Amino acid sequence: MKILVTGGAGYIGSHVVRQLGEAGHEVVVYDNLSTGHRWAILSGTLVEGDLADGERLDAVFEAHRFDAVLHFAAFIVVPESVAEPLKYYANNTRNTLGLLERVQRFGVPHFVFSSTAAVYGMPEQSMVDESAPLVPINPYGASKMMSERMLMDLGVAGGPSYVALRYFNVAGADPEARIGQATPDATHLIKVACQAALGQRERLQIFGTDYPTPDGTCIRDYIHIEDLARAHLAALDYLAGGGASAVLNCGYGRGYSVREVADAVRRVSGVEFRVDEAPRRAGDPPALVADNTRIRRELGWTPAYDDLDRIVADAWRWERKFANQ
Ligand SMILES: NC(=O)c1ccc[n+]([C@@H]2O[C@H](COP(=O)([O-])OP(=O)(O)OC[C@H]3O[C@@H](n4cnc5c(N)ncnc54)[C@H](O)[C@@H]3O)[C@@H](O)[C@H]2O)c1
Ligand SMILES: O=c1ccn([C@@H]2O[C@H](COP(=O)(O)OP(=O)(O)O[C@H]3O[C@H](CO)[C@H](O)[C@H](O)[C@H]3O)[C@@H](O)[C@H]2O)c(=O)[nH]1
């Protein structure tokens, strides 16, 4: 298939682009390199451009006849979305609208969208399935929920068949360490803990130790980037085979606490880095775990890296390599 990948120079997009290339697909990446990197694109060609640049986007759609669009490009920092909400609605929602206008105008048959567990907000139960109410508690989650809604409405009106993948906590790196999470000032727990083990950060802070969980720290469902990337290829196959539009959680269905993650990073790295207890971070649900029944059923997706130490080992390997680049 010939596939347009927006945000293909970023952390998740670049892993998907690599797997698409390995599977023999033809890839065009559209990315403004605001947080992505040219070196991370291991397959296909890059068109450097902003999604807000309608003329440039039109030119890309005119030059190619795409079988599918995979849409990763977005801003992703939750606290920033609270401070600057319009920045998030502009890039995540308005730019998705602009992209969907082209998808419709040029008759692209399939669309895969990067959504997030942040659409669930503070769920009543820690294990959530796709029918849980959508009550995002920050503009980032709301901007993604609105995009999901546009996609659904367009689908009903004869638009592309689509899969919206709701990612839980994405972590780890390419097992061969060619690419990995390379965003400066990343806030994701496993990356921060690896940076603390490397001495790039003074310490790891645990945000909240008084949650109603067994060890008092928040529980999350960490999914290896390789398994997440594989879900996108499975979604493409599913849509190309005539599958109906679907919204699917991406996670392993089991959670780990912040303390368990810190212990895993110590165990894997062999470094006793400093870990401090700190107050709760605003807006963190105590526990968030994916019910993944639907993605297993609809896509036949089965994880291959469902092991916290494996996720951490690949993240650690990448961080060490990246630090020495
Ligand atoms: N990382 C996570 O844990 C996580 C969790 C849930 C959902 N997601 C979603 O996955 C997607 C990818 O996230 P990521 O972690 O790879 O982030 P990232 O910042 O590494 O990647 C985003 C990419 O999009 C590009 N981009 C941003 N705005 C653009 C624009 N206007 N025009 C062109 N390119 C633009 C950036 O340069 C970058 O390459 C996002 O949609 C995000 O909301 C990520
Ligand atoms: O230095 C840190 C960083 C994180 N945490 C804790 O570790 C857990 C995971 O935090 P992350 O920032 O790694 O991830 P989040 O669960 O907050 O959010 C991530 O997953 C969400 C979906 O579940 C969204 O998609 C969001 O974009 C993505 O950043 C949270 O309890 C957080 O409080 C710490 O204790 N210390």
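Residues numbered from 1 in each chain as written. Chains lettered and ligands numbered in written order. Predicted model: local features only at pLDDT ≥ 70, side-chain atom pairs only at ≥ 80, totals over all residues. Heavy atoms only, no water.

Visitor: Teacher, can you tell me more about the pattern of salt bridges here?
Guide: Here the idea is simple: oppositely charged side chains can pair when their charged atoms come close. A full pass over the atoms with the stated rule returns 27 salt bridges. For arginine 280, the salt bridge identified is with aspartate 210, shortest N-O distance 2.9 Å. A residue pair is termed long-range when its members are at least 10 positions apart, and arginine 280 in the loop between β14 (275–278) and β15 (287–290) and aspartate 210 in the loop between β9 (204–207) and β10 (219–220) qualify at 70 residues. Here arginine 266 ties to aspartate 263 by a salt bridge, and the two come within 3.9 Å at their closest N and O atoms. Taken together, the positions of arginine 266 and aspartate 263, both in helix α8 (residues 258–269) and 3 residues apart, correspond to about one turn of that helix. Owing to a relative accessible area of 22%, arginine 266 belongs among the partly exposed residues under this scheme. (Salt bridge = Lys/Arg side-chain N within 4 Å of Asp/Glu carboxyl O. Helix = DSSP H or I, 4+ residues; strand = E, 2+ residues; numbered from the N terminus. Buried < 20%, exposed > 50% of the residue type's maximum accessible area, 1.4 Å probe, protein only.)

Visitor: Looking at this structure, how should I read the site of ligand 2?
Guide: Taken together, the neighbourhood of ligand 2 is formed by 22 residues, with Thr116, Leu189, Gln205, Arg281 and Asp284 sitting nearest. Here an oxygen atom of ligand 2 sits 2.9 Å away from a polar atom, N or O, in the side chain of asparagine 169. Between ligand 2 and the protein, one listed contact pairs an oxygen atom with a side-chain N or O atom of histidine 188 at 3.0 Å. Starting from 680 Å² of accessible surface for ligand 2 in isolation, the protein chains cover 91%. Secondary-structure elements contributing two or more residues to the shell around ligand 2 are α6 (189–197) and β9. Here the shell around ligand 2 takes 4 residues from β9, the largest share from any one element. Each residue belonging to the shell around ligand 2 can be placed in one class, and the counts come to 14 nonpolar, 5 polar and 3 charged. When we break the shell around ligand 2 down by domain, the ones giving at least three residues each are domain 1 (2–170 + 223–250) and domain 2 (172–221 + 253–323). (Near = heavy atom within 4 Å. Polar contact = N/O pair within 3.5 Å; in protein donor to acceptor, adjacent residues only side chain to side chain. Areas by Shrake-Rupley, 256 points an atom, 1.4 Å probe, with all protein chains shown as cover. Nonpolar A, V, L, I, M, F, W, Y, C, P; charged D, E, K, R; others polar. Domains from an automatic or database assignment.)

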